[in-house]
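# Structural characterization, general
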Amino acid sequence: MRAIFSIDEAEYPVFATREGHAYRVHVDDRSYRVGNDHGALVAVDGDTIHVWLDGETLTLRYHDPVAYHASHADGAAEDTITAPMPGTVIAVNTKAGQAIARGDTLLVIESMKLETAIKAPRDGVVEAVHVAVGESFDRSAPLATLVKAEA
Amino acid sequence: MRRIDSRLDTRSDEFRQNAAHNRALAATLKQRQAAARRDRPARDIERLRRQNKMFVRDRIELLLDPGTPFLELSTLAANQSYEGEVPGAGIVSGIGIVSGREVIIHADDASVKGGAWYPHSVKKIVRTLDIAIENRLPVVHLCDSAGGFLPLQADLFADRYLAGRIFRNQAILSKLGVPQVALVLGHCTAGGAYVPALCEYNVIVRGTGAIFLGGPPLVKAATGEIVSVEELGGADTHTRISGTADYPASSEEHAIAIAREIVGQFRLPQKLEVERITPEPPHYDPDELYGVLPRDIKVQFDAREVIARLVDGSRLHEYQPAYGTTLICGFAHIWGFKVGILANNGVLFNDSSLKGAHFMQLCNQSKVPMLFLQNITGYMVGRDYEHRGITKDGAKMIMAVSGSEVPKITVIMNGSFGAGNYGMSGRAFDPRFLFMWPQSQISVMGAEQAANVLADIKVRQLSREGRTLAAEEINAIREPILEEYRRQQSAYYSTSEMWDDGILDPTDTRNALGIAISAALNAPINRPHYGVFRM
Amino acid sequence: MTAPQREITPTRFPFDTVLIANRGEIALRILKTVEALGLTGAVVYHEVDADAPAVRAAKQKVEITGATPVAAYLDGAQIIAAARQVGAGAIHPGYGFLSENAGFARAVAAAGLRFVGPTPEAIELMGDKVRARAFVQQHGFPVAPSVIEDDDPATFAERARAVGFPLLIKPSAGGGGKGMRIVREPAALAEEIVRARSEGQRYFGDGRLYVERYVENPRHIEVQVLGDAHGNVVHLFERECSVQRRFQKIIEETPSPALSAQERTRICKTAAGIARAAGYRNAGTVEFIYGAGAFYFLEMNTRLQVEHPVTEMVTGIDLVREQLRVAAGEPLGFAQGDIASQGHAIECRIYAESPARGFTPTTGRALMIRDAALPGTRLDIGISEGQAITTAFDPMLAKLIVHGKDREEARQRALAALRAFVLLGCETNIAFLRRLIAHAAFRDGDVHTGFIDAHPEIASEPVPEATRHRLLAIAALAARPVRDAADAMPQPHGAMGGWRN
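Residues numbered from 1 in each chain as written. Chains lettered and ligands numbered in written order. Predicted model: local features only at pLDDT ≥ 70, side-chain atom pairs only at ≥ 80, totals over all residues. Heavy atoms only, no water.

## Structural notes on the overall build of chain A
Helix and strand counts for chain A stand at one helix and 15 strands. Relative to its length of 151 residues, chain A is extended, with a C-alpha radius of gyration of 23 Å against a globular reference of 15 Å. Structurally, chain A occupies a C-alpha span of about 70 × 30 × 25 Å along its principal axes. In chain A, buried positions account for 40% of the 151 residues. The contacts of chain A with a sequence gap of at least 6 include a subset with a gap of at least 24, amounting to 45%. (Helix = DSSP H or I, 4+ residues; strand = E, 2+ residues; numbered from the N terminus. Rg over C-alpha atoms; globule rule 2.2 N^0.38 Å. Buried < 20%, exposed > 50% of the residue type's maximum accessible area, 1.4 Å probe, protein only. Contact = heavy atoms within 4.5 Å.)

So this is what it looks like as structure tokens:
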């Protein structure tokens, strides 16, 4: 599996191997020897890498493979929000058809004298809320379902 | 260390004809391997696509570190069984690099009979895990099997080294501190459910992966309960409720990325302190191996010519060069690793047997892995030799081989007949890896010899009954025996039955050995300890 | 080689501290001269500029606040209070912000401080574009055919149509290229007038308009002038600023490749004449539109301009020093005949923007800045390494100015300087500038204000694929996972590569 770098929207699979004291970097189906004498300047800012060589600059982003493939797949599990523990519903902040953003509080539950906000795991639209205020539920009980996201 | 002085005349007719012959054999091997790897009925490929599954080899390519080698084992397992409908026994097995670590991979091939486990499949998985145990190699399982092939259950279930051995081996690996990770990419049913359960880590793909001891139909039949695959044993059930699975993945690519990250967490092994120098390619062209090996198995060749085209710089330090000349013993390097080589150059005599036993002790004393290059018709027979103790001397070789603690690797260059196979570390003597060459033959004795013996018995039996046979009638008895013998002594039969870990193109042997030796050095080497050498 | 700095007897300044009411590169540039003269420099700054080079360098600094960062720098009262706080005797307004605000100039004077710039009257005269135009015309200097709404609002549209197309609608209270609209079709005129009025109201608080004949592909040529309180006015030659985008200058140079020696003399004399007629004091710039052998007065900017360095490079005169001397009441230290222009200078404005994406502003952080300081170059930079680049202000980050013995040498030096200058962490127009200067049309001096629009490929040209791959390869190694994976590859496997049996 290769590392994925993106320049704007374009994605490039990349891997590197040692070659003596230098490296050989494979981009798509070509490879480049990169030694200490490459003459480029590089500045790193988290997963963003800026590089300068001979008057040209480029900004790329490194994508962690797990995160990349997770976000490219169908997020089916994120569709049903289940109860992390048994408890009672004390507030319902949403309803079917409502558009929500990641992190929005959909419901508040109470369990063992603790209140927990149940938040939307991703942007989307609520398909259904399965519980009402005052209702009790078990652990893993479905609390709300989001409309299946388009891939 | 001195470079071997090659006496080969690469321009002779002999050389040219051998080369043409062996090249053709190598080409055939490549074709048969390619077919076993990729030729599938269209409907099986189509089914994979419908199920949203990747082809097993694409999974492996994604799993492996790019730019690294992969030594596939027993590609042609079961090639002569089940009417050839279970290529590779439906399993892909091999040693590769994942996240910088050497691992051995066991991958179910769902494009072959839905990934069902045939008796040969079970044998291949058990062998894969035996290799893992002996070499302390972490294992990555790519699980996608329909379960045991029920019609042949008698040959895959009850005995000691059958299906149960898979799970026993997994448990022993864990006991030895060797981690395993399973990717549940299909259904792991019944026994198959134990594969992920017995791994330290496992990843399950939502929607396609499932783990259960009994699937929905079985559950309904057993208790009447009606339950879906997902609810019974899908990703969310096992990653959120039961804790049987560790990481949910939303696609196979996601699962493989997670698995790579997991393997990246494995401790880097403390590799054995074995001599390793900077590698050097052989001085002589390995391609010339095709010309060294004779077209007729009865023709002798100098094993030094083979060694010269396998080892670094073609350099060999030969031990006892003047004594026991039918067995070449010496030290060389392969991909920088120091190895002790024992190679047949004729029949084994008293002196060569003693030399071999002694040299094996030398290798064990200095923790040098051993490479056995077999081309042996047997030990010398005859009164003189028996009086000098050839049987004892052969026994000493066996004792030395069996008591060795250093890794042994065996390559059957040409013939491996009878007891010669034993002293030269045949399969029963636990070499870490054993490979054949395309023209190799292995049987208790040569085909001609065996056919003659058996025909002879038949003729004498018939003559006792008062019948004499004409030449054609004798032939008619002899020919079928010869044919069957030839079939069962071929490298392809051996590899079908997994008496070896794969047939190698001779020019691939150097790389295979480099990978094999490196893998072998993940296990500790204990002090050697032998039984009694009959003196 | 730049012209030699002139030796002048040191001035006794009636103030020891100058407050610089500006930011970015100009604040630092002014500070340098203030300190070179033995004076103390103080800067005001908004919190977002806390890491700016001028703020770090100044001996005194006062934080200012506002509803927005820009609003802070427009708060005259706060700035004057800051000047008092640090005991400044003079305020240099830089360019933009309050530099052409007559009310501010008056308030500074009323506070007993010296305003380093022209008189409030001159600012007012030239700030009202209609009044300025009328003034210039009255004094016999050439202006472009135009009509002014105020003259007769009812017939404005009709008179505008009579000017002929294409024409330019401009806000009376505007400047700096803002709020102008080109109209090519008579049918669009009415609508464009409505739009322009609305913008004038919104940006300048004044919806009055005037209309000028638009010269297609004109060249924008301006002349630097300097006056003192004793009636002396000189010009310091012209600058060509034709390489523009949406009326924003990108590259400026002097001398103008378009003018003959006579034209040069005429245009400079005209500028000096205009300044003299207005009794102009301190530094200013008279801007002209030049086309087909004729030039017309466009406007006068009563402040130091962004592109002043090219004039400094060819004349050897420090304009900020002259500004401070004039503000101190000194007469000019040289006469017109003492001023000579040697060689050729080019300035490139470095912006935080994406030429390929329609020049939209970009943001980031100046992770790395490297100035190669090649011979004949000067860098006026307004950001420090590590400073965040935001959309709070105008996106100009720096100016790269080069001097050569002739235009071609200057051009080559500009190419080398642009190739060598490094700014990593935010997308800039540096590669675009290089392609502009390398373009055959620029090499031939064939520039006009429509040049960039006429050659859209210069802006959109992407990094060549081979270079992109190579840069990607080098950058990828800076990602730890990639490098670590390469380092972790075991041997002999690495040497075997992707071998399969």
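## Examining the packing of helix 17 (residues 447-464) of chain B against helix 18 (residues 471-489) of chain B
All names here are of chain B. Between helix 17 and helix 18, whose axes approach to 9 Å, the crossing angle comes to 145°. The element helix 17 and its partner helix 18 pack so that their crossing is right-handed. Contacts between helix 17 and helix 18 involve Ala447, Glu448, Ala450, Ala451, Asn452, Leu454, Ala455, Lys458, Val459 and Leu462 from the former and Ile474, Ile477, Arg478, Ile481, Leu482, Tyr485, Arg486 and Gln489 from the latter. (Axes fitted to C-alpha atoms, helices over the stretch in contact; angles between N-to-C directions. Left-handed = near helix turned anticlockwise from the far one by under 90°.)

## Digging into the interface of chain C and chain A
Every contact between the two is made by 36 residues of chain C and, on the other side, 36 residues of chain A. Between chain C and chain A, roughly 3,400 Å² of surface is buried when both sides are summed, and carbon and sulfur atoms account for 71% of that area. Linking chain C with chain A are four salt bridges. Across the salt bridge formed by Asp54(A) and Arg419(C), the nearest N and O atoms sit 3.5 Å from each other. There are twelve residue pairs in polar contact (both at pLDDT 80 or more) connecting chain C and chain A. Among the secondary structure elements, those contributing two or more residues to the side of chain C that touches chain A are strand 19 (368-370), helix 13 (407-420), strand 23 (422-424), helix 14 (430-438), helix 18 (465-476) and helix 19 (480-488) of chain C. When residues in the side of chain C that touches chain A are grouped by element, the largest group, eleven residues, is from helix 18 of chain C. For the side of chain C that touches chain A, a count of residues per class yields 24 nonpolar, three polar and nine charged. (Buried area = accessible area lost by both parts, 1.4 Å probe. Salt bridge = Lys/Arg side-chain N within 4 Å of Asp/Glu carboxyl O. Polar contact = N/O pair within 3.5 Å; in protein donor to acceptor, adjacent residues only side chain to side chain. Nonpolar A, V, L, I, M, F, W, Y, C, P; charged D, E, K, R; others polar.)

## Points about the domain arrangement of chain C
When its domains are assigned, chain C resolves into domain 1 (17-124), domain 2 (145-213), domain 3 (219-458) and domain 4 (465-496). Centre-to-centre, using C-alpha coordinates, domain 2 of chain C lies 59 Å away from domain 4 of chain C. (Domains from an automatic or database assignment.)

## Thoughts on the sheet that holds strand 7 (residues 56-63) of chain A
If you trace the seven strands from one edge of the open sheet to the other, you get 4-3-2-1-7-6-5 (chain A), paired in antiparallel fashion. On the outer flanks of this sheet lie strand 4 (30-34) and strand 5 (41-45) of chain A, each paired with one strand and no other. Mean inter-strand twist for the sheet, computed between neighbouring axes without regard to direction, equals 30°. Lying over the sheet, helix 1 (residues 65-72) of chain A contacts strand 1 (3-7), strand 2 (10-19) and strand 7 of chain A, oriented at roughly 75° with respect to strand 7 of chain A. Seen against the sheet, helix 19 of chain C touches strand 1, strand 2, strand 3 (22-27) and strand 7 of chain A and runs at an angle of roughly 35° to strand 2 of chain A. (Pairing = 2+ DSSP bridges.)

## Observations concerning the environment of Leu71(B)
By secondary structure assignment, the location of Leu71(B) is in strand 2 (residues 71-73). Assessed through its relative accessible area of 0%, Leu71(B) is described here as buried. For Leu71(B) and Ser353(B), which are 282 residues apart along the polypeptide, the C-alpha to C-alpha distance reads 33 Å. In contact with Leu71(B), other than residues within four places in its own chain, are Ser93(B), Gly94(B), Ile95(B), Phe435(B), Ala512(B), Ile515(B), Trp499(C) and Asn501(C).

## Focus: the pairing of strand 8 (residues 201-205) of chain B
All names here are of chain B. With respect to burial, strand 8 is a largely interior element, four of its five residues being buried. Two elements, strand 6 (residues 180-184) and strand 8, share four bridges in a ladder whose sense is parallel. Each residue of the ladder has a partner; that of Val181, found in strand 8, is Tyr201. The sheet contact formed by strand 8 and strand 10 (residues 247-249) spans three bridges and is parallel. Counterpart to Ile204 in the pairing with strand 10 is Pro248.

## Concerning the side chain of Asn429(C)
All names here are of chain C. The topology assignment puts Asn429 in the loop between strand 23 and helix 14. Residue Asn429 is classed as buried on the basis of its relative accessible area of 0%. From its side chain, Asn429 meets the backbone oxygen of Arg349 in a polar contact 3.1 Å long. Discounting chain neighbours no more than four positions away, the residues touching Asn429 are Ile250, Arg349, Ile350, Tyr351, Glu353 and Pro355.

## Concerning the pattern of salt bridges
All names here are of chain C. Applying the stated criterion to the full structure yields 79 salt bridges over all chains. Taking the shortest distance from any N to any O, the salt bridge between Glu25 and Lys399 comes out at 2.7 Å. Pair noted here: Glu25 is in helix 1 (residues 24-36) and Lys399 is in strand 22 (residues 396-404), with a separation of 374 residues, a long-range link. Neither Glu25 nor Lys399 differs from the other in exposure class; each is buried. Here the salt bridges share partners, and the residues they tie into one network are Glu25, Arg29, Glu312, Asp318, Arg378, Asp380 and Lys399.

## Digging into the interface of chain B and chain C
The partner chain C presents 13 residues to the 24 residues of chain B that form the contact. Of the roughly 1,700 Å² buried where chain B meets chain C, counting both sides, 58% is carbon and sulfur surface. Considering only the side of chain B, the residues that lose the most area to chain C are Pro69(B), Trp335(B) and Asn511(B), jointly responsible for 25% of the buried surface there. For Arg500(C), the salt bridge goes to Glu61(B), with nearest N and O atoms at 2.9 Å. Taken together, chain B and chain C are joined by six residue pairs in polar contact (both at pLDDT 80 or more). Broken down by secondary-structure element, the contributors of at least two residues to the side of chain B that touches chain C are helix 1 (13-38), strand 2 and helix 20 (509-520) of chain B. With five residues, helix 20 of chain B is the largest single contributor of residues to the side of chain B that touches chain C. Classifying every residue of the side of chain B that touches chain C by side-chain character gives eleven nonpolar, seven polar and six charged.

## So, the packing of aromatic side chains
Residue and element names in this part refer to chain B. Throughout the structure, instances matching the rule amount to 18 aromatic pairs over all chains. Between Phe167 and Tyr194, the aromatic rings sit 5.8 Å apart at their centres with planes inclined by 70°, giving edge-to-face as the arrangement. Residue Phe167 is located in helix 5 (residues 163-175), and its partner Tyr194 is located in helix 6 (residues 194-197); the two are separated by 27 residues in the primary sequence. A relative accessible area of 15% places Phe167 in the buried class. For Tyr194, a relative accessible area of 39% corresponds to the partly exposed category. An aromatic cluster is present here, built from Tyr82, Tyr118 and Phe149 joined pairwise through their rings. (Phe/Tyr/Trp six-rings, centres within 6.5 Å; stacked < 30°, edge-to-face > 60°.)

## Focus: the packing of helix 3 (residues 56-63) of chain B against helix 10 (residues 252-265) of chain B
Each pair of packed helices can be summarised by the angle the axes make with each other and by the distance between the axes. All names here are of chain B. In contact at an axis separation of 9 Å, helix 3 and helix 10 are set at 40° when each is read in the N-to-C sense. Relative to helix 10, the element helix 3 lies oblique. Our pair here, helix 3 against helix 10, has a crossing hand that is right-handed. Along its contact with helix 3, which presents Arg59, Leu62 and Leu63, the element helix 10 presents Glu252, Glu253, Ile256, Ala259 and Arg260. (Parallel < 35°, antiparallel > 145°, perpendicular 65-115°, else oblique.)

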